[in-house]
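Each chain, written out:
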Amino acid sequence: MYSSFAGQYEPRKNNLQQEFEAKNSILKSRFIEVAPVDYLSTIFPDKGYEDELIVVFGTVKDKRGNVIEKGTVKRIALEYIWDITWRSNAYIPYCDFIKNYYHSKTLKSVKAFVVDCDGITSTRLKKILKYLWSSLPAEPTHIVNSGQGVHFVYVLSEAVDVKGLRWSVNKLNETIQDTFSRLLNVDKHPVVHPYRFPGFLTKINTVATAFKVREPYTFEELMRVFKLQPKKAERTEKKGKQKGELLVLPNGRRAFFEWVLRKLFMNPPIPGRRHNSFFALGIVAYKCRREVPYEEALETIPMVYEDMIDRNLHIGFTIEEAYSAFHKGYSSKYVRASWKYLCGLLGWEYRPNKRNGRNREEHLEVMNAFRLIRKELRKKKYLPQILELKRKGLSLRQISKLLGIPHQTISDWLKNI
């Protein structure tokens, strides 16, 4: 009797707070809840207690629209972040900036890609997880219950440096948000946009929570899963000569890395090129980083160095200097280095040949054959899915949007069956 009497005086939760708790229950039943401290350290693993984070404070207005507090940007040490969790207008970007200056032009690296879905009810969340989850090209690594909405977060195992990859970073962010916009109402934002972190108060007077779905991705994995290819930067019309910049990913093959190593072992560099050879090896290793791990590439340095000593070559520098030259080349700065440039570093003869000894007609014939093979492989991959969706009653246009294949292509495949 006393407990029921006391319950009459407990503060009742409004509908929005009840929906928030319902979403928490759904997410807890399927995923592991992550403590706010652990989530912050997952996003910023390189930050110490004394390091500062950029926090964006939104403008606060009263019911009449009068400004109570103007929006601002502050830099707060990590150890004091939890002192401002009572602020429902505090947001943190998933990025690092040059000299900690918050601006899109000073963007240094990106830690994660976020999809902000507003107005997500518990019923809609259950529908997404039960029926639409498998239609996503890749599951998010974390889900943040941010109040009335939900954030789907793709955390990167290693922050991606924007320099030289700005187009790829922005395009991937846009593609991920477009993928979710087919299923939900998405508030599309640039990568520098700040978001509410777990542990902070929401506008409906609840505390944002986070749940772990899977392990983080690499940037290259996300680019591959969302079927994106690096492209040339658009030329801008400016006075004077402007060099077209190619924004590319390090997509070299293991075979190329091993071929360069074999050539270094069999034909060591000439005097004056031996120190440069370690710099060139760093460039090649970075170009092939998708298939050659950094640790494996690092192990080749003493092999090459000792090989030069065994041949009684006059090296003139220590192995520490060889490591230093390797690390200088192992950078996105030189990802666009040409083969001609590498040959100059190694002292090798440069032979410009793009067709492997074939003339133009023979080269086009070979490339057309490869193109036909790729088309047949694509058809074999998607045709069973198309037939299955067709049996379920989906139209060709719906299948086209779902699989990302042109409507006319699907129509031609079905006609040829």
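Heads up: the structure comes first, above all this text.
Here the structure is a predicted model, which means the values were calculated and not measured.

Each value, and the rule that gives it
- Residues numbered from 1 in each chain as written.
- Predicted model: local features only at pLDDT ≥ 70, side-chain atom pairs only at ≥ 80, totals over all residues.
- Heavy atoms only, no water.
- Axes fitted to C-alpha atoms, helices over the stretch in contact; angles between N-to-C directions.
- Helix = DSSP H or I, 4+ residues; strand = E, 2+ residues; numbered from the N terminus.
- Parallel < 35°, antiparallel > 145°, perpendicular 65-115°, else oblique.
- Contact = heavy atoms within 4.5 Å.
- Nonpolar A, V, L, I, M, F, W, Y, C, P; charged D, E, K, R; others polar.
- Patch = residues over 30% accessible without salt bridge, like charges linked within 9 Å, V, L, I, M, F, W, Y side chains within 5 Å.
- Areas by Shrake-Rupley, 256 points an atom, 1.4 Å probe, with all protein chains shown as cover.
- Salt bridge = Lys/Arg side-chain N within 4 Å of Asp/Glu carboxyl O.
- Lys, Arg positive; Asp, Glu negative; His and termini not counted.
- Charge placed at Lys NZ, Arg CZ, Asp CG, Glu CD.
- Buried < 20%, exposed > 50% of the residue type's maximum accessible area, 1.4 Å probe, protein only.
- Pairing = 2+ DSSP bridges.
- Expected span 1.5 Å × (residues − 1).
- Left-handed = near helix turned anticlockwise from the far one by under 90°.
- Phe/Tyr/Trp six-rings, centres within 6.5 Å; stacked < 30°, edge-to-face > 60°.
- Lys NZ or Arg CZ within 6 Å of the ring centre and 35° of its normal.

Draft legend 1. Spotlight on the packing of helix α8 (residues 274–287) against helix α11 (residues 339–346). Remark: α8 packs on α11, axes separated minimally by 8 Å, with the N-to-C direction vectors making an angle of 150°. As summarised for this structure, α8 and α11 are arranged roughly antiparallel, according to the angle between their axes. Each of N276, S277, F279, A280, I283 and V284 in α8 lies in contact with α11, whose residues at this interface are Y341, L342, L345 and L346. Counted by class, the contact of α8 with α11 contains 8 nonpolar, 2 polar and no charged residues.

Draft legend 2. Looking closely at a negative patch on the surface. There is a patch of like negative charges on the surface, built from E50, D51, E52, E79 and D83. Relative to the assigned elements, E79 resides in the loop between β5 (72–77) and β6 (90–93).

Draft legend 3. Main features of the pairing of strand β9 (residues 142–145). Side chains H142 and V144 of β9 all project onto a buried face; the interleaved residues I143 and N145 project onto the opposite face, where all are buried too. With 4 bridges connecting them, β9 and strand β10 (residues 150–161) associate as antiparallel partners. Bridged to V144 within β10 is H151. Remark: 4 residues form the turn of the hairpin made by β9 and β10, two consecutive strands paired antiparallel; G147 in that turn has positive phi of roughly 125°. Strand direction decides the pairing type here: β9 and strand β13 (residues 209–212), joined by 4 bridges, are antiparallel. Paired with I143 across the two strands is F211, which belongs to β13.

Draft legend 4. Fine view of the sheet that holds β5. Read from one edge to the other, the open sheet built from 4 strands follows the order β5-β2-β6-β12, with strand pairing classed as antiparallel. Single-partner strands in this sheet number two, and they are β5 and β12 (194–195). Alignment of strand β2 (residues 52–57) against β5, held across 6 bridges, turns out to be antiparallel. The partner of F57 across the bridge, within β5, is T72.

Draft legend 5. Quick look at the pairing of β2. In terms of burial, β2 is largely enclosed, as 5 of its 6 residues are buried. Relative to β6, β2 runs antiparallel, the two being bridged by 2 bridges. Looking at β6, one finds that V56 is bridged to Y91.

Draft legend 6. Highlighting helix α2 (residues 15–30). With 16 residues, α2 should reach 22 Å at 1.5 Å per residue; the first-to-last C-alpha distance of 23 Å fits that figure. Here α2 has its buried residues at Q17, F20, K23, N24, I26 and L27.

Draft legend 7. Summary view of unusual backbone geometry. Although it is not a glycine, N205 sits at a positive phi angle of roughly 65°. Here N205 shows up in the loop between β12 and β13. Of note in the backbone geometry, K227 takes a positive phi value of approximately 55° without being a glycine. Residue position: K227 is located in the loop between α6 (219–225) and α7 (254–266). By relative accessible area, which is 55% here, K227 ends up exposed.

Draft legend 8. The arrangement of a nonpolar patch on the surface in detail. Taken together, the side chains of F370, I373 and L377 present a nonpolar region at the surface, about 300 Å² in accessible area. A relative accessible area of 42% means that F370 is categorised as partly exposed.

Draft legend 9. Quick look at the packing of α2 against helix α4 (residues 122–132). Packing of α2 against α4 leaves a shortest axis separation of 9 Å and a crossing angle of 20°. Accordingly, the angle class assigned to the pair α2 and α4 is roughly parallel. Relative to α4, the crossing made by α2 is right-handed. Contacts from E19, A22, K23, I26, L27 and R30 of α2 reach α4 at S122, L125, K126, L129 and K130.

Draft legend 10. Spatial organisation of the packing of aromatic side chains. Throughout the structure, instances matching the rule amount to 24 aromatic pairs. Relative to W348, the ring of W259 lies with its centre 6.3 Å away and its plane at 80°, an arrangement referred to as edge-to-face. Placement of the pair is W259 in helix α7 and W348 in the loop between α11 and α12 (360–391), with a sequence separation of 89 residues. The class for W348 is buried, based on a relative accessible area of 12%. Taken together, F31, W133, F152, Y154, F180, Y217 and F226 form an aromatic cluster joined through their ring pairs. Geometry around Y217 places R214 over its ring, the cationic atom sitting 3.9 Å from the centre. A cation over a ring is seen here: K263 above W348, with NZ or CZ 4.6 Å from the ring centre.

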